[in-house]
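# Fold and contact review
As a plain string of letters, each chain reads:
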Amino acid sequence: MTPAPSATAARARSAAPGHHVSGPGPAQASSARRAGRALLKDFAEVEQLQVSTKGPGDFVTRADRQAEQTIREALMEARPSYGFLGEEGGPVEGEDPTRRWIVDPLDGTTNFLHGIPHFSISIAVEDPHGAQGKPEITTGLVYQPLTDESFWAEKGRGAWLQDQRLRVSSRRDLSESVIATGIPFMGHGNFVEWNRIFGAVAPEIAGIRRLGSAALDLAWVAAGRFDGFWESGLQPWDCAAGILLVKEAGGFVTDYRGTDMAIERKQLLAANDVLHSRLHKLLAGALRNQ
Ligand code: 2AM
Ligand code: CA
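Let me sum up the structure you'll find in this document. In this text, all values refer to a predicted model and were calculated from it rather than measured experimentally.

### Structural notes on the coordination of the calcium ion (ligand 2)
At the metal site, the calcium ion (ligand 2) is ligated by Asp-104 (OD), Asp-107 (OD) and Asp-238 (OD), and these contacts range over 2.0 to 2.2 Å. Residue Asp-107 is classed as buried on the basis of its relative accessible area of 6%.

### A look at the packing of helix 5 (residues 191-201) against helix 9 (residues 273-287)
Taken N-terminus to C-terminus, the directions of helix 5 and helix 9 make an angle of 130°; their axes are 9 Å apart at the nearest point. When the axis of helix 5 is compared with that of helix 9, the two are oblique. Of the two elements, helix 5 crosses helix 9, and the hand of that crossing is right-handed. For the pair helix 5 and helix 9, the contacting residues are Glu-193, Arg-196, Ile-197, Ala-200 and Val-201 in the first and Leu-279, Leu-282, Leu-283, Ala-286 and Leu-287 in the second. Here the contact of helix 5 with helix 9 is built from residues that sort into 8 nonpolar, no polar and 2 charged.

### Section: the environment of Thr-53
Summarising the element assignment, Thr-53 is placed in the loop between helix 2 (26-49) and helix 3 (57-78). For Thr-53 and Ser-30, which are 23 residues apart along the polypeptide, the C-alpha to C-alpha distance reads 36 Å.

### As for the site of ligand 1
For ligand 1, the set of nearby residues contains 14 residues, the closest of which are Asp-107, Gly-108, Thr-109, Arg-210 and Glu-231. Within the side chain of Asp-107, a nitrogen or oxygen atom sits 2.6 Å from an oxygen atom of ligand 1. The separation between a nitrogen atom of ligand 1 and a polar side-chain atom of Thr-110 is 3.2 Å. Within the complex, 82% of the 470 Å² of free accessible area of ligand 1 lies under protein. The set of elements that each furnish at least two residues to the shell around ligand 1 consists of strand 3 (100-107) and helix 4 (109-113). No other element matches the 3 residues that strand 3 contributes to the shell around ligand 1.

### Concerning the side chain of Asn-272
Along the chain, Asn-272 turns up in the loop between strand 13 (267-271) and helix 9. Residue Asn-272 is classed as buried on the basis of its relative accessible area, which comes to 6%. A polar contact is formed between the side chain of Asn-272 and the backbone nitrogen of Val-274, at a distance of 3.1 Å. Other than its neighbours up to four places away in sequence, Asn-272 contacts Val-168, Ser-169, Ser-170, Arg-171, Asp-227 and Gly-251.

### Section: the side chain of Ser-150
Structurally, Ser-150 can be placed in strand 6 (residues 149-154). Setting aside anything within four residues of it in sequence, one finds Ser-150 in contact with Arg-33, Leu-141, Val-142, Tyr-143, Trp-160, Leu-161 and Gln-162.

### Here we look at the environment of Gly-94
Counting through the fold element by element, Gly-94 comes out in the loop between strand 2 (83-86) and strand 3. Considered as a pair, Gly-94 and Gly-285 are 191 residues apart in the sequence and their alpha carbons are 43 Å apart. Look past the residues within four positions of Gly-94 in its chain and what remains in contact with it is Ser-81, Tyr-82 and Gly-83.

### A word on the pattern of salt bridges
Here the structure, examined in full by the defined rule, presents 10 salt bridges. Asp-227 is paired through a salt bridge with Arg-171; the nearest N and O atoms lie 2.9 Å apart. Note that Asp-227 is positioned in the loop between helix 6 (214-222) and strand 11 (228-232) and Arg-171 in the loop between strand 8 (164-165) and strand 9 (178-181), a separation of 56 residues in sequence. For Asp-227, a relative accessible area of 3% corresponds to the buried category. Here Asp-260 and Lys-247 are joined by a salt bridge, their closest N and O atoms 3.1 Å apart. Residue Asp-260 is found in the loop between strand 12 (252-254) and helix 8 (262-265), and its partner Lys-247 is found in helix 7 (residues 236-248); the two are separated by 13 residues along the sequence.

Procedures and definitions
- Note that residues are indexed from 1 along each chain, following the sequence as it is written.
- Throughout, the order in which chains and ligands are written sets their labels, letters from A for the former and numbers from 1 for the latter.
- Given that this is a predicted model, residues contribute local features only at a pLDDT of at least 70 and side-chain atom pairs are listed and counted only at 80 or more, while totals for whole chains, interfaces and linings are drawn from all residues.
- Side-chain measures were taken over the full set of non-hydrogen atoms in the model, leaving aside hydrogen atoms and water.
- We call an atom a donor if it is N, O or S and sits within 2.8 Å of the metal, or 3.2 Å for Na, K and Ca. Water is not counted, so some sites may look partial.
- A simple rule labels every residue: compare its accessible area, found with a 1.4 Å probe on the protein chains alone, to the largest value its type can have, and call it buried under 20%, exposed over 50%, or partly exposed in between.
- The axes are straight lines fitted to the C-alpha atoms, using for helices just the contacting stretch, and the angles between their N-to-C directions are given from 0 to 180°.
- Under the scheme used here, helices are H or I runs from DSSP no shorter than 4 residues and strands are E runs no shorter than 2 residues, and both carry numbers assigned from the N terminus.
- The cut-offs work like this: below 35 degrees is roughly parallel, past 145 is roughly antiparallel, 65 to 115 is roughly perpendicular, and the gaps in between are oblique.
- Two helices crossing with the near one rotated counterclockwise from the far one by less than a right angle form a left-handed crossing, whereas a clockwise rotation gives a right-handed crossing.
- Between two residues, a contact is recorded if the distance between any of their heavy atoms is within 4.5 Å.
- Put simply, Ala, Val, Leu, Ile, Met, Phe, Trp, Tyr, Cys and Pro go in the nonpolar bin, Asp, Glu, Lys and Arg in the charged bin, and everything else, Gly too, in the polar bin.
- It suffices for a single heavy atom of a residue to lie within 4 Å of a molecule or strand for the residue to be listed as near it.
- We define a polar contact as two N or O atoms separated by no more than 3.5 Å, with the added condition that, inside protein, one atom must be a possible hydrogen donor and the other a possible acceptor, whereas residues neighbouring each other in sequence contribute only through side-chain atom pairs.
- In this description, accessible areas are obtained by the Shrake-Rupley approach with a 1.4 Å probe, and a residue is regarded as covered only by the protein chains that are shown.
- Between Lys or Arg on one side and Asp or Glu on the other, a salt bridge is scored when a side-chain nitrogen of the former is within 4 Å of a carboxyl oxygen of the latter.

Set out below in structure tokens:
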């Protein structure tokens, strides 16, 4: 018999006594909480609107925009010199060329719109030129308002769920692994490519999940709830914070070729080192001669 899968709580180790856990930056945390409270109220309303003839579409668009504005205002007030890239507005250059916020005020919009309780807020800080002239994510927060869970990471200082240190799962066998993915929708993305990968991966693993918030998918890989994740076509705001979370939890994040270009190539494969290498082989096989 295989051992029972260890719960996140067991895998996440509390901070060692005396170790100072700083938490996500106060501006990040408080703006996410404030926008999260508004989203929770709006989500309750959306559940009512499901049965109305008008439907919740416009209402959700407004909720999404309002959440971004709330976050943007709080962040810009706290760090006026940073640039800003959000899903709703266009990019804003900051005075400080080494820092910009990357924000998704509502990741999992389709869930939200349908009254499905699975969505998040993602806030990252990026140094657009980084150490080697390559963009570098320096902090990341993925906040789930419905559970009040804050997954956060700081480059070089680890990944955390509240004050519990996170580690990616330690599973080594694909046959025991639960892998999350995102499926191309409504003409977006390459369905043929996704289908090839699915055809190669699904028969080898214990289960596939498609939950609809890439930011949370990555946070859950960092927390060891998922053993891996792949999706293509993601935007920086969907995945910037989540990528840092996985890396700081000891995982690997690459594009489908296995290089450190996930955001640039809009291809994301994340897992622990052993499963990443196994999944990468399956992907490479599936995409050969396509
Ligand atoms: P969003 O909720 O902020 O739009 C899931 O596959 C990822 O793709 C999510 O992070 C989601 O971000 C994004 N996405 C964009 N449009 C989508 C759609 N119509 N259906 C599902 N996901 C979508
Ligand atoms: Ca998103």
